[in-house]
Amino acid sequence: MVKICCLGDIHYWGSTRVRLDLEKLAENIIKSYCEDVDVVVIVGDITSSGILDHVLEALTIIKSRGVGCKPILIVPGNHDIYLTMEEMKNMDSLVKLRKFNDFIDSLTGFVALMNKPYIIDGVGFVGSIGWYDYSFAPSWAGLTIHDYKRKSLGIHMWADKYYVKLPFSDEEFTNILVDQLEKHIKQIYNKVDKIVAVLHHVPFRELVEYRGDLQWDYFSTYMGSEKFGQLIKKYRDKINLVLHGHQHGGNVKTRTCRNIEGIKCCNCASPIPIIVNT
Ligand SMILES: [Mn+2]
């Protein structure tokens, strides 16, 4: 058994107040939750605007005041590949994604799961930012794919619209990420008894919070993709635990686990950790 301390969706943006709050949280809460675990997992959205200095600042606080020398496994969230005004001129979010992961791997004690799987005590960890391909669009709304590609409804918009620039469609990005994740699963499949899938986005429709209200459900589309769920089910003889983030706010229950066809799925979209055993 591997004991995991899982957290995410910190959305750190570097103000003095935010820094002091995270320092307090790390010292008073994260430290005690993660005290006797084998490994720490962060499910993405470390930052609110993708600034690598903020990644470094937040992770330094979490490590030095909270979890200490335990291995910290990380996948990025959609916010972590947001482009700053300056970056918009010379890179896309695919380059940013690679920069994020390589930056994580350059830090001592941190592992970027998108670069390579991690194995501890016969348990393998694979990870991806995950993405969306509109498969979670609310079926009842009667909208078309073009309505969802717009990523805005009335005056409300999904911020990825402005801050994520990809060289291809969201559907293609999803396919590429699913293929990468499957490659990593195959790499470790015969070496481990169990595999933990770590994603930022949500892999199963059953986990998505719908309310029958278009103002909310329209944006549920961007929670994730069925394709990751299908991949997880394909390897269900080894993958029996999924850790994800991304879905939080508006009374959504974070820090809880649900059983989807025998696969334990935990929402770690909170800076307050949840303890999960494999
Ligand atoms: Mn997110």
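Heads up: these notes are all about the structure in this document. (Residues numbered from 1 in each chain as written. Predicted model: local features only at pLDDT ≥ 70, side-chain atom pairs only at ≥ 80, totals over all residues.)

On to the sheet that holds strand 5 (residues 118-120), then. One open sheet holds the six strands; their spatial order is 5-6-9-10-12-11, and the pairing between them is mixed. The sheet terminates laterally at strand 5 and strand 11 (256-260), the two strands that pair on one side only. Pairwise comparison of adjacent strand axes, ignoring direction, gives a mean angle of 20° for this sheet. Where strand 6 (residues 123-128) lies against strand 9 (residues 194-199), six bridges are found, and the strand directions are parallel. Looking across to strand 9, one finds that Val123 is bridged to Lys194. (Pairing = 2+ DSSP bridges. Helix = DSSP H or I, 4+ residues; strand = E, 2+ residues; numbered from the N terminus. Axes fitted to C-alpha atoms, helices over the stretch in contact; angles between N-to-C directions.)

Here we take up the sheet that holds strand 13 (residues 274-277). A sheet is described by the order of its strands in space; here five strands give the open sequence 4-3-2-1-13, paired in mixed fashion. On the outer flanks of this sheet lie strand 4 (110-112) and strand 13, each paired with one strand and no other. Taken pair by pair, the neighbouring strands of this sheet meet at an average axis angle of 30°, ignoring direction.

Helix 9 (residues 226-234) packs onto helix 7 (residues 170-188) with a crossing angle of 20° between their chain directions and a minimal axis gap of 10 Å. Classified by the angle between their axes, helix 7 and helix 9 sit roughly parallel to one another. For helix 7 against helix 9, the interelement crossing comes out right-handed. Between helix 7, through Thr174, Val178, Leu181 and Glu182, and helix 9, the contact on the second element is made entirely by Lys227, Phe228 and Leu231. (Parallel < 35°, antiparallel > 145°, perpendicular 65-115°, else oblique. Left-handed = near helix turned anticlockwise from the far one by under 90°. Contact = placed C-beta atoms within 7 Å.)

To continue, consider the pairing of strand 12 (residues 263-267). Bridge count between strand 10 (residues 239-244) and strand 12: four bridges; the pairing is parallel. Pairing of His244 across the sheet is with Asn267, part of strand 12. Pairing of strand 11 with strand 12, which is carried by five bridges, proceeds in the antiparallel orientation. Opposite Cys257, over in strand 12, you have Cys266 as the bridge partner. Here strand 11 folds back onto strand 12 in antiparallel fashion, the turn holding two residues, of which Glu261 has a positive phi close to 50°.

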